[in-house]
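# A closer look at the structure
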Amino acid sequence: MSILKSQISHQPHFLSPSSSFFFSMSSRKHSSLSPVPPASETETFKDKDAHVAATATLLLLKPHFKYALYIFFFLSIWFLLLFFWFPSDKPPVSTPILQSSNIDVQNQWAEPEEKAPVEPATKAAAEEKTGELVYVYELPAKFNVGLLKECDRLNVYTNMCPHVANGGLGRPVSGMGPNTTWFATHQFIAEMIFHARMENHPSRTRRPEKADLFYVPFYGGLHASSKFRESDLAARDALAVELAEYISRQRWWKRNHGADHFLALGRTAWDFMRTDGRTDFGANRLLRLPPVKNMSVLTVERHPWEGSNQYGIPYPSYFHPSTSDEMLTWQNRMRRQPRRHLFSFVGAPRIGVEKAAIRDEIIHQCAESTRCRLLKCGSGASQCHEPTQVLNVMTRSEFCLQAAGDSFTRRSTFDSILSGCIPVFFSPHTAYSQYSWFLPADHKTYSVFIGDENPRIEAELLKIPNDQIQKMRNTVIDLIPNLTYIHPNSSSSDFGFADAIDVALGKLTELVKSKLHRRGGDLTV
């Protein structure tokens, strides 16, 4: 009996609660095995724990029960290992990570190999929303990011290194709001911003067979401005010629001979349309090359008479919001902004430029008027290169004068609209013949046109009633989203509006589909 009690005192340590229950149920079926006979009704289960333990111990002494228990514990441990140790075959769900707008320029000199198409997990929904699908060529680096290695030589007039930072947005501007929203963006940098934005654009597809458009990310403007003083014309044209030859050899070019391909250039068309025998001011011949003539070309200024395949896109201003709230906040601020000046002019005189002769008269009239604010620019460091100084003038003016300069168009037009300032034009080619994709067809709803050779600017502006001015200003402020380049790391699918690139892609898609329909385009390769 003492041996039995010793066994009973040690064995329960091996029993789990479920095992105790199992063996207690068994003891009811085999009551003859109980070691303690009941003395009375009240004492039968006086010590239940001892009774259950004793019964379980006797059962464990039987080999078949002992083996069953070992198997039970072995299987329990095995299933626990399977559940907690070994990973699931189902891939984890991850949030897409936006690529950095700072493009790595290393190890990109070799021509890229064709890669297997990879579609982001969220692409289907984005494609359905945006409508168009755009394939972005991965060009050899010498055509785009490779040029940035010598950023101090990209422009014969200025060091472009600060301006190519942040994917082309330039350095952040303090005092205007979040550092991720306001930048000192160079006026001739749209091609870099376009490229950075397309890297993350929701309409981008990795499957060229599905694409409606094919984007060729050539930094043609940055290259052109680095060669303005190159006297060897063959050397000046060399990279443009090489690009045309490279792209015309591609499989997807041959499908429609480039009719569904496009370039985005950050300089005016005049910088790419040199004509032999005429005055040479440093341009190359990119837009006169036959393959490029088959493409669509987006440029900040199209040739008004010879640019049949050229389409104007806005100059980039300083505002690059990351959220729709930032856009709405700025628009509401401009609607409430008090405007103490009737009109203003931000610019410098132009010497020897016929189309800019009106500037001297504008500067003279503005300087003589108490209702005009003049911010006169000069060479080198100037207040006109400081975003805060420019916007300080324009946001306090009812009208902003936009006279032609070295070419018909000027970035100041878009600074003016960003400021809620009604633009005043003196040539139809400063805006009306340039940006039909972005501006209302009825130019009187958002601008003033003064075509006289000897205008009386102040008298003309005073004729406009206050209620009409208010209505025009509201139209101007409503135009801001479509003329803005949002931050490249932002997604337009998160916005309630289309920015300048969204508008351009939508219009290009319509244009290309119409062009291919007229040609009876063959979509087979």
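Here, every reference points to the structure presented above.
Before going into details, it helps to say that this report is about the structure given with it. Just so you know, these numbers come straight off a predicted model, no measurement behind them. (Residues numbered from 1 in each chain as written. Predicted model: local features only at pLDDT ≥ 70, side-chain atom pairs only at ≥ 80, totals over all residues. Heavy atoms only, no water.)

### Focus: the overall build of the protein chain
Definition in use: Secondary structure follows DSSP: runs of H or I at least 4 residues long count as helices, runs of E at least 2 residues long count as strands, and numbering of each begins at the N terminus. Only protein chains enter the accessibility calculation, which uses a 1.4 Å probe; a residue is then buried when its area is under 20% of its type maximum, exposed when over 50%, and partly exposed in between. Two residues qualify as a contact provided that any one of their heavy atoms is within 4.5 Å of a heavy atom in the partner residue.
A count of helical and extended segments in the protein chain gives 17 helices and 10 strands. With 525 residues in all, the protein chain has 50% of them scored as buried. Partitioning the contacts of the protein chain with sequence separation of at least 6, the portion at a separation of at least 24 is 74%.

### Quick notes on the pattern of salt bridges
Heads up, the rule is: Should a side-chain nitrogen of Lys or Arg be within 4 Å of a carboxyl oxygen of Asp or Glu, the pair is scored as a salt bridge.
The final tally for this structure, using the stated rule, is 16 salt bridges. In this structure, D502 and R197 form a salt bridge, with 3.4 Å as the shortest nitrogen-oxygen distance. With D502 in helix α17 (residues 500-519) and R197 in helix α6 (residues 190-199), this residue pair connects regions lying 305 residues apart in the sequence. As far as the burial class goes, D502 and R197 line up, both buried. Here R267 makes a salt bridge to D271, at a shortest N to O gap of 2.9 Å. Looking at R267, the relative accessible area reads 9%, which means it is buried. You can call D271 buried: its relative accessible area is 8%. One salt-bridge network, in which partners are shared between bridges, spans R197, D499 and D502.

### Side note on the sheet that holds strand β3 (residues 261-265)
Note the following rule: In this description, strands pair whenever DSSP reports at least two bridges between them. Angles here are taken between N-to-C directions and fall from 0 to 180 degrees, while the axes themselves are lines fitted to C-alpha atoms, restricted in helices to the stretch in contact.
Spatially, the five strands line up as an open sheet ordered β1-β2-β3-β4-β5, and their pairing is parallel. Edge strands, defined here as strands with exactly one partner in the open sheet, are β1 (134-136) and β5 (310-312). Across the sheet, the mean angle from the axis of one strand to that of its neighbour is 30°, orientation sign disregarded. By the bridge criterion, two bridges tie strand β2 (residues 213-215) to β3 in an arrangement that is parallel.

### Observations regarding empty space enclosed by the protein
Here the idea is plain: a probe the size of a water molecule rolls over the atoms and shows the empty space left. Here is the rule: Cavity and pocket criteria rest on a 1 Å grid covering protein atoms alone: a 1.4 Å probe that fits but cannot get out defines a cavity, protein on both sides within 12 Å along at least 5 of 7 lines defines an open pocket, and an atom within 4 Å of a point defines a lining residue. Grid points are joined across faces, edges and corners, and a volume is the space filled by probe spheres set on the points.
The tally for this structure, following the rule as stated, stands at one cavity of 30 Å³ or more. Counted as a void, the largest cavity has a volume near 90 Å³. As for the largest cavity, its lining consists of S317, F319, F414, I417, L418, I480, L483, T484 and Y485.

### Brief notes about the sheet that holds strand β6 (residues 341-347)
Taken in spatial order, the five strands make up an open sheet running β7-β6-β8-β9-β10, and their pairing is parallel. Edge strands, defined here as strands with exactly one partner in the open sheet, are β7 (372-376) and β10 (448-449). Relative to strand β8 (residues 397-402), β6 runs parallel, the two being bridged by three bridges. Note that in β8 the partner of S344 across the bridge is C400. With respect to the sheet, helix α16 (residues 466-479) is in contact with β8, β9 (422-425) and β10, its orientation differing from that of β9 by roughly 100°.

### Thoughts on the state of the cysteines
The following threshold applies: By disulfide we mean two sulfur atoms from cysteines, separated by a distance within 2.5 Å.
Counted according to the given criterion, the structure contains four disulfides. The disulfide bridge from C377 ends at C384, spanning 1.6 Å between sulfur atoms. As the torsion about the S-S bond is roughly -90°, the C377-C384 disulfide counts as left-handed. For the pair C377 and C384, one class covers both residues: buried. The partner cysteine of C400 in its disulfide is C421, sulfur to sulfur 2.1 Å. In this structure the cystine formed by C400 and C421 twists about its S-S bond by roughly 110°; its chirality is therefore right-handed. Here the residue C400 occupies a position in strand β8, and C421 occupies one in the loop between α14 (412-418) and β9, the gap between them amounting to 21 residues. The class of C400 is buried, set by a relative accessible area of 1%. Ordinal numbering of bonded cysteines along the protein chain defines a disulfide pattern of 1-2, 3-4, 5-6, 7-8.

### Brief notes about α17
Every α-helical turn comprises 3.6 residues, leaving residues that sit three or four positions apart pointing alike. Going by this rule: Helices are assigned an expected span. That span is 1.5 Å times one less than the residue count.
For α17, built from 20 residues, the straight-helix expectation of 28 Å at 1.5 Å per residue is met to within 8% by its first-to-last C-alpha distance of 28 Å. Every buried residue of α17 is accounted for by A500, I501, D502, V503, A504, L505, L508, T509, V512, K515 and L516. Residues of α17 that are buried make contact with β1, α6, β2, α9 (251-256), β3 and β4 (296-299). Where α17 terminates, the next one or two residues include G520, which has phi positive at roughly 65°.

### Structural notes on the nonpolar core
Our working rule: As used in this record, nonpolar core signifies buried Ala, Val, Leu, Ile, Met, Phe, Trp, Tyr and Cys residues forming a set joined through side-chain atoms within 4.5 Å.
With 128 residues, the main nonpolar core has L286, L298 and F399 as its most contacted residues. For L298, the residues in contact, after removing those within four places along its chain, are F194, F262, L263, A264, L265, Y311, I313, W437, A504 and L508.

### Quick notes on the environment of T158
Looking at the element boundaries, T158 is found in the loop between β1 and α6. Judged by relative accessible area, T158 falls into the partly exposed class, the value being 31%. Through-space distance from the C-alpha of T158 to that of S225 is 10.0 Å; in sequence the pair is 67 residues apart.

### So, the packing of aromatic side chains
Formally: The criterion for an aromatic pair is that two Phe, Tyr or Trp rings (for Trp, the six-membered ring) have centres within 6.5 Å, with stacked assigned to planes under 30 degrees apart, edge-to-face to planes over 60 apart and tilted to the rest.
According to the stated counting rule, one finds 20 aromatic pairs in the structure shown. One aromatic cluster is present, formed by Y135, Y137, F214 and W252 through successive ring pairs.

### Observations regarding the packing of helix α11 (residues 324-336) against α16
Keep this limit in mind: Oblique is the label for any angle not covered by the other classes, which are roughly parallel (under 35 degrees), roughly antiparallel (over 145) and roughly perpendicular (65 to 115). Crossings are sorted by hand: turned counterclockwise from the far helix by less than a right angle, the near helix makes the crossing left-handed, and turned clockwise it makes it right-handed. Classification convention: Asp, Glu, Lys, Arg as charged; Ala, Val, Leu, Ile, Met, Phe, Trp, Tyr, Cys, Pro as nonpolar; all other residues, Gly among them, as polar.
Interhelical geometry of α11 versus α16 gives an angle of 165° and a closest axis separation of 10 Å. One way to sum up the angle between α11 and α16 is to call them roughly antiparallel. The chirality of how α11 crosses α16 is right-handed. Mapping the contact onto sequence places Q331, M334 and R335 in α11 and R473, N474, I477 and D478 in α16. Considering only residue class, the contact of α11 with α16 consists of two nonpolar, two polar and three charged.

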